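# Structural overview
The lines below spell out each chain.
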Amino acid sequence: MSTKILALHGYAMNAAWFRDWLTPLEDALGETVEWACPQAPIEVPEAEVQAMLRRFDLGLPPARIGAGQNWCWYRASDDRPPRYSGLDTTLEWLQGLCREQGPFAGVLGWSQGAAMAAIMAAAQQARPDYDFGIKWLVLCGGFLPADPALQPWFARPVPLTSLHVVGRKESAAMQQRARQLQAAFQGGEWLSTPLGHRMPLQLPDCRDYIAAWIRVRLASA
């Protein structure tokens, strides 16, 4: 019998795109895992996608930009620190998904999806009205959520097992926020990759490490 894992894509991505990224890990774990890769419920306007690409000097194929292509779990304001809009709606939506398609043993998240997974884990601890049933997390390119409204949720270390996958070529600011996220979990493990802000699943050593880490969690369930 396979175990279900929830996979949350990054900002301005979509479910099909992220599912393609997961193929190497899916192949490594085989039929022991059933993946659920939902599409985030908030659409990102094309102008915001283009602004993000300019800000980080990135490029995307035109087919991956535009109506129906770019989605997110919440939208961050330009305030410093930012405020997150749409978060309550997303949490309710994810709770419904977990009830209908779960239970999920763990969550794998990328970038904003990793931050969202961390928010789910913290919500389970801080809010009795939230229970996603998750027991562990793989947080790739993740960062501690910055909205001040969420600080009470992370006031105590989250008592879930976590693996934090972070590139050595990430910016100093992202490295710092990733370390803050690791510190928000009890005994969070760190995996350093030779990349920047990129999923490392095409690198055999990183893929195999993550797969082995997940297998240990599956065996102890």
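Residues numbered from 1 in each chain as written. Predicted model: local features only at pLDDT ≥ 70, side-chain atom pairs only at ≥ 80, totals over all residues. Heavy atoms only, no water.

## Focus: the environment of Gly142
Quick note on the threshold: Here a strand is any run of E in DSSP of at least two residues, a helix any run of H or I of at least four, and the numbering for each starts at the N terminus. Any two residues whose heavy atoms approach within 4.5 Å at even a single point are treated as in contact.
As for its position among the elements, Gly142 is in the loop between strand S8 (136-140) and strand S9 (161-167). For the pair Gly142 and Ala115, spaced 27 residues apart in sequence, the C-alpha separation works out to 5.6 Å. Setting aside chain neighbours within four positions, we find Gly142 in contact with Ser111, Ala114, Ala178 and Leu181.

## Some details on the sheet that holds strand S10 (residues 189-193)
Selection criterion: Strands were regarded as paired on the criterion that DSSP finds at least two bridges between them. Fitting a line to C-alpha atoms yields each axis, with helices limited to the stretch in contact; the angle taken between N-to-C directions then spans 0 to 180 degrees.
Strand order in the open sheet made by the 6 strands is S2-S1-S7-S8-S9-S10, with parallel pairing throughout. Whereas interior strands pair on both sides, the edge strands pair on one side only; in this sheet they are strand S2 (33-36) and S10. Direction aside, neighbouring strands of the sheet carry axes that sit 20° apart on average. On top of the sheet, helix H5 (residues 112-126) reaches strand S1 (3-8), strand S7 (106-110) and S8; it is set at about 155° to S8, its chief contact.

## A word on the nonpolar core
Quick note on the threshold: Buried Ala, Val, Leu, Ile, Met, Phe, Trp, Tyr and Cys residues that are joined via side-chain atoms within 4.5 Å together make up what is termed a nonpolar core. Throughout, exposure labels follow a simple rule: accessible area from a 1.4 Å probe, protein chains only, divided by the maximum for the residue type, with under 20% read as buried, over 50% as exposed, and the rest as partly exposed.
Counting 40 residues, the largest nonpolar core has Met116 and Met120 as the members making the most contacts within it. At the level of elements, S1, helix H4 (87-101), H5, S8 and helix H6 (172-183) are the ones that each hand at least two residues to this core. Per-element accounting of this core gives the leading share, 10 residues, to H5. For Met120, the contacting residues outside a window of four places in its chain are Leu6, Leu8, Leu91, Leu94, Cys98, Phe132 and Ile134.

## What about the environment of Glu34?
Residue placement: Glu34 occurs in strand S2. Residue Glu34 is classed as partly exposed on the basis of its relative accessible area, which comes to 38%. Along the primary structure Glu34 and Phe18 are separated by 16 residues, whereas in three dimensions their C-alpha atoms are 15 Å apart.

## Examining the packing of aromatic side chains
Defined as follows: Any two rings among Phe, Tyr and Trp, with Trp reduced to its six-membered ring, count as a pair given centres within 6.5 Å; such a pair is stacked if its planes are under 30 degrees apart, edge-to-face if over 60, and tilted if neither. Here, over-ring charges are defined by two tests on the NZ atom of lysine or the CZ atom of arginine: distance to the ring centre within 6 Å, and angle to the ring normal within 35 degrees.
Within this structure, the stated rule accounts for 7 aromatic pairs. Between Trp17 and Trp21 the ring centres are 6.2 Å apart and the planes differ by 90°, which places this aromatic pair in the edge-to-face class. Pair noted here: Trp17 and Trp21 are both in helix H1 (residues 15-21), with a separation of 4 residues, about one helical turn. Accessibility expressed as a relative area gives 7% for Trp17, which makes it buried. When the ring of Tyr74 is compared with that of Tyr84, the centres are 4.1 Å apart and the planes differ by 20°; the resulting orientation is stacked. Note that Tyr74 is positioned in the loop between strand S4 (71-72) and strand S5 (75-76) and Tyr84 in strand S6 (residues 84-85), a separation of 10 residues in sequence. Residue Tyr84 is classed as buried on the basis of its relative accessible area, which comes to 11%. Directly above the ring of Trp190 sits Arg179, whose terminal nitrogen or CZ lies 3.5 Å from the centroid. Cation over ring: Arg217 sits above Trp213, and NZ or CZ is 4.2 Å from the ring centre.

## A closer look at H6
What counts here: Helices are assigned an expected span. That span is 1.5 Å times one less than the residue count. It is the directions from the helix axis to the C-beta atoms whose arc is reported.
With 12 residues, H6 ought to run about 16 Å at 1.5 Å a step, and its terminal C-alpha atoms sit 17 Å apart, in line with that. What H6 keeps buried is the set Met174, Ala178, Leu181 and Gln182. Within H6, the buried residues cover an arc of 100° as seen down the axis, which keeps them to one side. In H6, the exposed residues that point more than 90 degrees away from the buried face are Ala172 and Ala183. Where H6 is buried, its residues touch H5, S8, S9 and S10.

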